Amino acid sequence: MAWLSLKVLLVGLSFLGCLYPLVDFSFSGETRGQKPNFVIILADDMGWGDLGANWAGTKDTANLDKMAAEGMRFVDFHAAASTCSPSRAALLTGRLGLRNGVTHNFAVTSVGGLPLNETTLAEVLRGAGYVTGMIGKWHLGHHGSHHPSFRGEDPRGTGYLGNRGFDYYFGIPYSHDMGCTDTPGYNHPPCPACPRGDRPSRNLERDCYSDVALPLYENLNIVEQPVNLSALAQKYAEKATQFIRQASTSGRPFLLYVGLAHMHVPLTRTPLSAGPRSLRPYSAGLREMDRLVGRIKDTVDLEGKNNTFLWFTGDNGPWAQKCELAGSVGPFTGLWQARRGGSPAKQTTWEGGHRVPALAYWPGRVPGNVTSAALLSVLDIFPTVLALAGAPLPRGRRFDGLDVSQVLFGWAQTGHRLHGNFESRAVPPQQRGCRRGRSASDRPPGAVQGLLRHCPPGFPVHGVLQARILVWVAITVSRESSPPRDQTQAFCIEKGILYPEPAGKPPHGLLIIS
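Calculation criteria
- Residues numbered from 1 in each chain as written.
- Predicted model: local features only at pLDDT ≥ 70, side-chain atom pairs only at ≥ 80, totals over all residues.
- Heavy atoms only, no water.
- Helix = DSSP H or I, 4+ residues; strand = E, 2+ residues; numbered from the N terminus.
- Buried < 20%, exposed > 50% of the residue type's maximum accessible area, 1.4 Å probe, protein only.
- Contact = heavy atoms within 4.5 Å.
- Salt bridge = Lys/Arg side-chain N within 4 Å of Asp/Glu carboxyl O.
- Phe/Tyr/Trp six-rings, centres within 6.5 Å; stacked < 30°, edge-to-face > 60°.
- Pairing = 2+ DSSP bridges.

Counting its secondary structure elements, the chain contains 12 helices and 19 strands. The buried share of the chain, taken over its 514 residues, is 56%. Put simply, 75% of the contacts in the chain that link residues at least 6 apart link residues at least 24 apart.

On to the environment of E118, then. Take E118: it is sitting in the loop between helix 4 (97-100) and helix 5 (121-127). What makes E118 buried here is its relative accessible area of 5%. A C-alpha to C-alpha distance of 9.3 Å links E118 and L92, two positions 26 residues apart in sequence. Discounting chain neighbours no more than four positions away, the residues touching E118 are T93, R95, R99, N100, E123, R164 and R397.

Here we come to the pattern of salt bridges. Any two side chains of opposite charge can pair, on the condition that their charged atoms come close. Scanning the entire structure with this criterion turns up 17 salt bridges. We note a salt bridge from D167 to R126, for which the minimum N-O separation is 2.7 Å. With D167 in the loop between strand 6 (160-162) and strand 7 (168-171) and R126 in helix 5, the pair connects residues that are 41 residues apart, well separated along the chain. One network of salt bridges, with partners in common, ties together D44, R88, K137 and D315.

Once that is clear, we can look at the side chain of K297. When you line up the elements, K297 lands in helix 7 (residues 281-304). Judged by relative accessible area, which is 3%, K297 ranks as buried.

Another point: the packing of aromatic side chains. This structure, assessed with the given rule, holds 14 aromatic pairs. Here W138 and F166 contribute two aromatic rings whose centre-to-centre distance is 6.0 Å and whose plane-to-plane angle is 85°, an arrangement assigned as edge-to-face. Of this pair, W138 sits in the loop between strand 4 (131-136) and strand 5 (151-153) while F166 sits in the loop between strand 6 and strand 7; the two residues are 28 residues apart in sequence, bridging distant segments of the chain. Accessibility assignment for this pair places W138 and F166 in one class, buried. On the basis of an interplanar angle of 20° and a centroid distance of 5.6 Å, the ring pair of F309 and W362 is categorised as stacked. Of the two residues, F309 sits in strand 11 (residues 308-314) while W362 sits in the loop between strand 12 (358-361) and strand 13 (370-372), which places them 53 residues apart along the sequence.

Before going further, it helps to spend a moment on helix 10 (residues 381-389). Along helix 10, eight of the nine residues are buried, which leaves the element largely enclosed by surrounding structure. Among the residues making up helix 10, those that are buried are I381, F382, P383, T384, V385, L386, L388 and A389. Buried residues in helix 10 make contact with strand 1 (37-43), helix 3 (84-93), helix 5, strand 11, strand 14 (376-377) and helix 11 (405-408). Note on helix 10: the residue one or two positions beyond its end, G390, has a positive phi of about 75°.

So, about the pairing of strand 9 (residues 221-224). Sheet analysis places strand 8 (residues 216-218) next to strand 9, joined by three bridges and oriented antiparallel. Within the sheet, the bridge partner assigned to E218 lies in strand 9 and is N221. What sits between the antiparallel neighbours strand 8 and strand 9 is a turn of two residues, in which N219 has the positive phi angle 55°.

Here it is in structure tokens:
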């Protein structure tokens, strides 16, 4: 009976997340040496211009710039949405929000999450023999079976499986501004620390969360509450390197998905000794993030350099309302739109809201020091990783991403083609919008004048590095079909309104990549 009691104890501890991680790192001869490892790092609210390799004015990303020099940099890479939860759901499912059901951010009070009938990248890879881990921000549901580490009985009778596919999880369930901490960082408006003792909560600002302290999970177990934000990056680095080392030692292929807290507010109050005294908070945070990514890359180089594919990108553009605590959109400033009181960044479908930095690093496979202008998307990560792993796409559903292996290996130069898809006004604002196939600056003067006849008098024309106001748009009647050639015509866009408005269709477009 003693061995039975010990077995029950170990199963219980594993369920509670008390042992790191009691993950099955054992390998079979079928998987050793045959499949690549994957590390996917997703920055939060990082602007296209925050990467030094993209924008000369940025001097704070030495490790990322080194990765760009040793790998492939994508300058026309886009998030699938311009806000957190929909973008993350799209990465893990390869499907836009209208397909996977995640069209808005989940709140602290949300009881749901990414629908359970959606198949995640981790689920597919786990079924293909991979050990899977996630570190960082989840933001796809934190109650019950929506939690990334929840384990339920597999209906096929094969034992316990994680419903989201992750063997191990260490991180926060949502954005780190969605709970109070004892060490609040820089934010607009500034938020107070968690109330102490019997003092009532001080909700001085409606944008501050003071009722629930921000939790830090290891699997299903809360290991810290409230989170010490100043130490969070260090903990993420330690857990990531530990996971990579253990998986590499075991011989099993692995997937590690890292959802960084950087560069979302509140920005941590980095000690002055970590950098120049004159360093502004955003630059200090950017350097801290860069060091974290550099440490993960160094571990990859040490443990599995030639068989590990590292993909770095962002979930959406910078949060412009946070003023000097927000990042840079680079040249995609949308000046015409911004002068009218709007923003070209996060939560908009203007270029700065969804064009994000992106790097691919895989020595010996992905060519080094290459800049790719191929039009790619976060949606492409799902089908590309599965193709490289030799795993089939889940059956019975449509995917919005492409296998872009040919681009990654330098064998092709083009990615997606684009068309507008006009849908119901019920589509949430963060998923409306459409984007050019060719901009006005790509066309000869006569063609530009031909386009201008569609536009209202005095309509401003901007170059390709502005808001791309003047566009070619292909209209699609059905979401599930490609646009017939005879339905493609020129339109101008003003704050999402098309001129002329397509007959019988609302004047909003949904970004559809095909």
